[in-house]
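For reference, the chains in residue letters:
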Amino acid sequence: MTDLSHPPLPGALPDKRQVAASFSRAAASYDSVAELQRAVGGELLARLPAGIAPARWLDMGCGTGYFSRALRERLPHSHGVALDIAEGMLNHARPLGGAAHFIAGDAERLPLKDDSCGLIFSSLAVQWCAHFESVLSEARRVLQPGGVLAFASLCVGTLEELRESWRAADGLVHVNRFRTFDTYQQLCAASGLRTLSLTRHAHVLHYPDVRSLTHELKALGAHNLNPGRPGGLTGRARIAALVQAYEQFRQAQGLPATYQVVYAVLEKPL
């Protein structure tokens, strides 16, 4: 019997303090390169149940507040709360509006009262949480009966081209690790929330060269944050080997970068 309280991960997840610091540094550059984030968040919005009208919603892992502002437009009569672990992101988002409150907090320990939200929306944030079962438990606590948790996350298979190319170049860990889709299925099933939908979809972006991809990951704050990652500067020989290996994946549109996105809509039982 698998112990779902601490599901095995392919290696350790990044230290959350490093995640917060990295995304804080990236706040000013994030929106300019956030093509994937916009596409995924837009798709997640489209998956919300028709007619949903919560008195209060939470944008969990709000980043620059792009989807806090989208939620305000969609739910103009609702009270919005935007939460992020990265103070730099909150400082960027706050003057742009969208939510009534912007608060620093952790999805695994939400600073919110029981039964206080009708909707929790979280796009491309919970992949950084080491204990996703805690995220689900906190969502269940904070949601009102009949409330909805809608999240998009990343699973194994994300940036596989980059991972394989680095493996060929030097065999070291250069790409963030993610949970399996099966783990998401198991944890959601065990959460006490009712699964309305849970699917996986591949988004493929294309780049003219490897530098364009790695520059974008750094601008997003989503570059390699893994424990055990190589320290120091990457030598020219290794970069050349990486470029040569990645060229094997080139398509007519450019070098592909595949993101395996998990979309889920869960409901707290009445």
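The rules behind the values
- Residues numbered from 1 in each chain as written.
- Predicted model: local features only at pLDDT ≥ 70, side-chain atom pairs only at ≥ 80, totals over all residues.
- Heavy atoms only, no water.
- Core = buried A, V, L, I, M, F, W, Y, C linked by side-chain atoms within 4.5 Å.
- Buried < 20%, exposed > 50% of the residue type's maximum accessible area, 1.4 Å probe, protein only.
- Helix = DSSP H or I, 4+ residues; strand = E, 2+ residues; numbered from the N terminus.
- Contact = heavy atoms within 4.5 Å.
- Axes fitted to C-alpha atoms, helices over the stretch in contact; angles between N-to-C directions.
- Left-handed = near helix turned anticlockwise from the far one by under 90°.
- Nonpolar A, V, L, I, M, F, W, Y, C, P; charged D, E, K, R; others polar.
- Parallel < 35°, antiparallel > 145°, perpendicular 65-115°, else oblique.

All right, on to the nonpolar core then. By size, the foremost hydrophobic cluster in this structure holds 42 residues, and its most contacted members are L71, L119, L162, L213 and Y259. At 6 residues, the largest contribution of residues to this core is made by strand β7 (residues 255-267). In this view, L119 contacts L48, I52, P54, R56, W57, L58, L71, L75, L143 and V148; residues no more than four positions away in its chain are not counted. Residues L58, C117, F151 and L266 belong to the second largest nonpolar core, which totals 29 residues.

With that settled, the discussion passes to the environment of L266. By the element assignment, L266 lies in strand β7. For the pair L266 and V148, spaced 118 residues apart in sequence, the C-alpha to C-alpha distance is 5.6 Å. Not counting chain neighbours up to four residues away, the residues in contact with L266 comprise L136, G147, V148, L149, F151, C188, L193, R194, T195 and L196.

Turning to the packing of helix α6 (residues 132-142) against helix α8 (residues 181-189), a few remarks are in order. Contact pair α6 / α8: the axes reach a minimum separation of 10 Å and the direction vectors enclose 35°. Pair α6 / α8 crosses with right-handed handedness. Residue-level contacts link F132, E133 and L136 of α6 to Y184, L187 and C188 of α8. Across the contact of α6 with α8, the residue classes tally to 5 nonpolar, no polar and 1 charged.

A separate point is the packing of helix α3 (residues 35-46) against helix α4 (residues 66-74). In contact at an axis separation of 11 Å, α3 and α4 are set at 30° when each is read in the N-to-C sense. With respect to their mutual orientation, α3 and α4 come out roughly parallel. The way α3 lies across α4 gives a crossing that is right-handed. Across the interface between the two elements, Q37, R38, G41, G42, L45 and A46 of α3 pack against Y66, F67, A70, L71 and R74 of α4. Taken together, the residues that form the contact of α3 with α4 break down as 6 nonpolar, 3 polar and 2 charged.

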